[in-house]
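Here's the letter readout for the chains.
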Amino acid sequence: MRTRTKVIIGIAAGVVVIAGVGVVVGPRLYADAVNGSAAAAPSLSPSAAGKLDAASADGTWKSGSGSYAGYRVHEVLQGQDVTVVGRTKQVEGTATVADGKLSDATVTVQVGKISTPEAARDAYFRDKALQTDQFPTATFRVTKPVDVSTALGGSTQSVTLSGDLTMHGVTKTVQADAQVAVGKDGDVQVAGKVPVTFQDYGVTAPSLGFVTVDPKGSVEFSLDLAK
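The structure presented is a predicted model; accordingly, all values stated were derived computationally and were not measured. (Residues numbered from 1 in each chain as written. Predicted model: local features only at pLDDT ≥ 70, side-chain atom pairs only at ≥ 80, totals over all residues. Heavy atoms only, no water.)

Engineer: Can you walk me through the side chain of S222 in this structure?
Structural biologist: Note that S222 resides in strand β11 (residues 211-226). Overall, S222 belongs to the buried group, its relative accessible area being 9%. Aside from chain neighbours lying at most four places away, what touches S222 is P42, G66, S67, Y68, V190 and A191. (Helix = DSSP H or I, 4+ residues; strand = E, 2+ residues; numbered from the N terminus. Buried < 20%, exposed > 50% of the residue type's maximum accessible area, 1.4 Å probe, protein only. Contact = heavy atoms within 4.5 Å.)

Engineer: Whenever I open this one, the environment of K51 confuses me. Can you help?
Structural biologist: Tracing the backbone through its elements, the reader meets K51 in the loop between α2 (27-37) and α3 (54-57). The class of K51 is exposed, set by a relative accessible area of 65%. The spatial distance from the C-alpha of K51 to the C-alpha of G154 is 4.5 Å, given a sequence separation of 103 residues. For K51, the contacting residues outside a window of four places in its chain are L152, G153, G154 and V182.

Engineer: Looking at this structure, I do not really get the pattern of salt bridges. What am I missing?
Structural biologist: Side chains that differ in charge, positive against negative, can pair when their charged atoms come close. One pass over the full model with this rule turns up three salt bridges. R141 is the partner of D164 in a salt bridge, and the nearest nitrogen-oxygen pair spans 3.5 Å. One end of the pair, D164, is in strand β8 (residues 157-167); the other, R141, is in strand β6 (residues 137-142), with 23 residues separating them in the sequence. Bridged by salt links that share partners, the residues R72, R87 and E220 form one connected network. (Salt bridge = Lys/Arg side-chain N within 4 Å of Asp/Glu carboxyl O.)

Engineer: Explain the pairing of strand β10 (residues 188-197) here, please?
Structural biologist: In summary, the side chains of a regular strand alternate between the two faces of the sheet. Burial within β10 is extensive, with seven of its ten residues counted as buried. Bridge count for strand β9 (residues 170-182) against β10 is six bridges, and the pairing is antiparallel. The residue bridging V182 from the neighbouring strand is V188, located in β10. Taking the residues between adjacent antiparallel strands as the criterion, β9 and β10 are bridged by five residues, where G186 takes a positive phi near 90 degrees. (Pairing = 2+ DSSP bridges.)

Here it is as structure tokens:
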């Protein structure tokens, strides 16, 4: 219980620092600046229009340097809606394809490397909210095979990936909405998100009167996979 209390207090302290910046420069200006710097949701490359036959598709695929992951949360600062997006390229992903199905996949993210344009926010995110010194990674593991033959055949395919998300030392069964396609160079692209409720992972989103962070957000990912 002590640890949980420390986490909540730490989050609140971090938000005070960040919100203080917003109060000084003006809520509207602060919101515009943060929203303007927020990255768009992950999406497939326009060049994702390739095809793969069964022999080329079957096997193990690994993520490349173009892959990234992170989070997206919404908060209200003195009546202004603010969207905050954190990103990192410190991601390792593997996927196994067999007979037109994604039979297994794992994505591991170095949580402590996720960053936003606001250093104070990143500090409380790492040190207090998710305690990355104790829990340095978050992992999503697909636990149910899913057919991806439409994507292998040359079309963008929307899929639901069922699996386990482990974050802050807690594992929950989740579903990720994703899109899959084959790039023109034969790589496989996967982009999607996992909705999360912070309390499910032992983290309480703070509400301090002048700033309120939604209790729910999303984990986002974009993977470029090659054999």
